[in-house]
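Observations on the model geometry
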Amino acid sequence: MQRRAAALPAGVGTTLPVFAVRASGGIVEDVDGNRFIDLAAGIAVTTVGSSAPRVVDAVAEQVGRFTHTCFQVTPYESYVAVCEKLNALTPGDHDKRSFLVNSGAEAVENTVKIARYVTGRDAIIAFDHGFHGRTLMGMTLTGKVMPYKQGFGPFAPEVYRAQYSYPFRGTGDLASTLSFLDKTVGASQVAAIVVEPIAGEGGFIVPEPGWLAGLSAWCQDNGALLIADEVQTGIGRTGKWFACEHEGVVPDLVATAKGLGGGLPIGGITARAELVDQIHAGGLGGTFGGNPLSCAAALAAIETIEADGLLDRAAAIGATMLRRLAAMQASNPRIGDVRGRGAMIAIELVDADGSTPDPELTKSVAAACHSEGVLVLTAGSYGNVIRFLPPLSISDELLDDGLGVVEKALATRL
Ligand SMILES: Cc1ncc(COP(=O)(O)O)c(C=O)c1O
């Protein structure tokens, strides 16, 4: 940690001050031999598990053949295969095209570029509690100021912020959001709505049923595009390939990353063919996007989800977490809300009044979990959410152990 502090800026944060040497099967091991139960999956990345066997084999095989050509210079088949998979797996049976980038933020940036290009409009709608990355457009779209935006302005122009549906707090109903779009922004100005189907960094907020579908219908009625940021929710995390499916919503553009690469960096943009095909050659892409190692890993990760029935596993893990956490909530009034979908579940911690956010309690519960060997993450605009994102390779026994530690940490902090 001393070397880290001397060599890195403080702006790159640390959840847990340990150094990993290996990870797999729901365990992260550090240099001192401490073994942590992993309820974080590297922030929803190692959905198939860290060093999942198919991913390891595919990457090892690829690294010996070639490491990089730049797809736009000399194409290779695996990139095309990942795009075919994204086209097949994303919601809707319309004609689609995909291309690959390096990260979630880059994927979202590209969806906005495409939306503005094809609509000829400027305005982009984002939401409070939203998170879309740390690039200029990513942080502009992001709702939370500290730490993501503080001091980093000015931001990209023509981004308007609406209220996200937040059932526990009773804010962001569909009618007022649509009225904001019509009256304050102007329907004819809107190129796209960028929305997470479940707000990830915002604290796993599941919007009211019908809210997402209402946004989608508004877009269709007004010539705007619906961009689903499925960077955190996508690729099986919620028990379906994409979280929009829970609401029967078919977005015009989908941004993916995180779980797609099975631990290697890759992001994807999937768009309606008739839209993205309008864009001139060279307007999209990048040097590293869809690197051959990442493509090999992505194909292996997707195969693992398919072959090992991991969508069902995500649903089962979610059911276990919801059951255990709801039981804790019944005897603990400081757990204001238990929510989420599939292997993406969170608790929102509040004061004794049942609603005022309690970020101090949240920090203290998370720290207690860490010192007892369970890796959890906090989230939420008010810093009062603990989120659980186990890899889908975790055993029932480890998950139970981990939740037991969470239960104890909560019970001793009432
Ligand atoms: C919904 C969402 N969008 C975008 C991003 C940014 O992804 P990346 O950190 O890969 O740039 C994240 C990362 O947490 C995310 O959760």
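Provided above is the structure to which this section pertains.
Quick summary incoming for the structure in this document. (Residues numbered from 1 in each chain as written. Predicted model: local features only at pLDDT ≥ 70, side-chain atom pairs only at ≥ 80, totals over all residues. Heavy atoms only, no water.)

Here we look at the pattern of salt bridges
Stated precisely, the cut-off is as follows: A side-chain nitrogen of Lys or Arg and a carboxyl oxygen of Asp or Glu constitute a salt bridge if their distance falls within 4 Å. Here a helix means four or more residues in a row that DSSP labels H or I, a strand means two or more in a row labelled E, and each is numbered from the N terminus. Burial here depends on accessible area, computed with a 1.4 Å probe over protein chains only, as a share of the maximum for the residue type. Under 20% is buried, over 50% is exposed, and the range in between is partly exposed.
Taken as a whole and judged by the stated rule, the model has 20 salt bridges. Between R313 and D396 there is a salt bridge whose closest N-O contact spans 2.9 Å. Separated by 83 residues along the polypeptide, R313 in helix 11 (residues 310–330) and D396 in helix 13 (residues 396–411) bring together distant segments of the chain. Two residues, R324 and E407, come together in a salt bridge whose shortest N-O distance is 3.3 Å. Taken together, the residues R324 in helix 11 and E407 in helix 13 connect sequence positions 83 residues apart. Looking at E407, the relative accessible area reads 36%, which means it is partly exposed. Among the ionic contacts, a cluster of salt bridges with common partners joins R169, D337, R339 and E348.

Quick look at the site of the ligand
We count it as follows: A molecule or strand has a residue near it when one of that residue's heavy atoms lies within 4 Å. In protein, a polar contact requires one atom able to donate a hydrogen and another able to accept it; more generally it is a pair of N or O atoms within 3.5 Å, and residues adjacent in sequence count only if both atoms are side-chain atoms. Each residue is assigned to one of three groups, with Ala, Val, Leu, Ile, Met, Phe, Trp, Tyr, Cys and Pro labelled nonpolar, Asp, Glu, Lys and Arg labelled charged, and all others, Gly among them, labelled polar.
Around the ligand lies a shell formed by S103, G104, A105, F131, H132, G133, E196, E201, D229, V231, Q232 and K258. Note that a nitrogen atom of the ligand is positioned 2.6 Å from one of the side-chain N or O atoms of D229. One of the side-chain N or O atoms of K258 is found 3.0 Å from an oxygen atom in the ligand. For the shell around the ligand, a count of residues per class yields three nonpolar, five polar and four charged.

What to know about the packing of helix 3 (residues 53–65) against helix 10 (residues 292–307)
Under the convention used in this document: Note on definitions: angles span 0 to 180 degrees between N-to-C directions of axes, and those axes are lines fitted to C-alpha atoms, for helices only across the stretch in contact. Roughly parallel here means an angle under 35 degrees, roughly antiparallel means over 145, roughly perpendicular means 65 to 115, and every remaining angle is called oblique. Throughout, a crossing is termed right-handed when the near helix is turned clockwise from the far one, and left-handed when it is turned anticlockwise from it by less than a right angle. Should any heavy atoms of two residues lie within 4.5 Å, those residues are counted as being in contact.
It is the contact of helix 3 with helix 10, at a shortest axis distance of 8 Å, that shows an interaxial angle of 155°. Taken together, the axis directions place helix 3 and helix 10 in an arrangement best described as roughly antiparallel. When the axes of helix 3 and helix 10 are compared, the crossing they make is right-handed. Here R54, V55, A58, V59, Q62 and V63 of helix 3 come into contact with helix 10, specifically with P292, L293, A296, A297, A300, A301, E303, T304 and A307.

Overview of the sheet that holds strand 3 (residues 35–38)
How we decide: At least two bridges found by DSSP between two strands are what make those strands a pair.
Spatial ordering of the open sheet is given by 1-2-3-13, a layout of four strands whose pairing is mixed. The strands lining the two open edges of the sheet, one partner per strand, are strand 1 (20–24) and strand 13 (374–375). Here strand 3 pairs with strand 13 via two bridges, running parallel. Bridge assignment links I37 to a residue of strand 13, and that residue is V374.

Side note on the packing of aromatic side chains
Put simply, the rule reads: Here the aromatic set is Phe, Tyr and Trp, taking the six-membered ring for Trp, and pairing holds for ring centres within 6.5 Å; pairs whose planes are under 30 degrees apart are stacked, those over 60 apart are edge-to-face, and all others are tilted.
Under the counting rule described, the total for this entry stands at eight aromatic pairs. With centroids separated by 3.6 Å and ring planes inclined at 10°, the aromatic side chains of F71 and Y79 adopt a geometry described as stacked. Residue class for F71 comes out buried when judged on its relative accessible area of 19%. Note on Y79: relative accessible area 8%, which makes it buried.

Comments concerning the pairing of strand 15 (residues 385–388)
Alternating positions in strand 15 separate into two faces, V385 and R387 on one and I386 and F388 on the other, with burial throughout. As judged from the four bridges shared by strand 12 (residues 344–349) and strand 15, these two strands associate in the antiparallel manner. Paired with I347 across the bridge in strand 15 is I386. In terms of strand pairing, strand 14 (residues 377–379) meets strand 15 through three bridges, oriented antiparallel. Counted as the bridge partner of T378 is I386 from strand 15. Joining the antiparallel neighbours strand 14 and strand 15 is a turn of five residues, in which G380 adopts a positive phi near 100°.

Notes on the sheet that holds strand 5 (residues 123–127)
Taking strand neighbours across the sheet as the criterion, the seven strands line up as 4-10-9-8-7-5-6 in an open arrangement whose pairing is mixed. In the strand order of this sheet, the two ends are held by strand 4 (96–101) and strand 6 (159–162), each with one partner. Strand-to-strand twist across the sheet, computed as the mean angle between neighbouring axes with direction ignored, equals 20°. Here three bridges tie strand 5 to strand 7 (residues 190–195), and the two strands are oriented parallel to one another.

As for helix 13
As a reminder, the rule being used: Expected helix span is taken as 1.5 Å per residue step, with the number of steps being one fewer than the number of residues. Starting at the helix axis, one direction is taken to each C-beta atom, and the arc is that of these directions.
With 16 residues, helix 13 extends 22 Å between its outermost C-alpha atoms, agreeing within 8% with the 22 Å of an ideal straight helix rising 1.5 Å per residue. Buried within helix 13 we find L398, L399, G402, L403, V405, V406, A409 and L410. For helix 13, the buried positions fall inside an angular range of 150° around the axis, keeping them on one side. Residues of helix 13 that are exposed and angled more than 90 degrees away from the buried face: E397 and K408.

Quick word on helix 8 (residues 211–222)
Given 3.6 residues to a turn, an α-helix orients residues that are three or four positions apart in the same direction. The first and last C-alpha atoms of helix 8 sit 17 Å apart over 12 residues, in line with the 16 Å expected at 1.5 Å per residue. Looking only at helix 8, the buried set comprises W211, L212, G214, L215, S216, W218 and C219. Summarising the contacts, the buried residues of helix 8 are in contact with strand 5, helix 7 (174–185), strand 7 and strand 8 (225–229). Immediately beyond the C-terminal end of helix 8, within one or two residues, lies G223, with a positive phi of roughly 70°.

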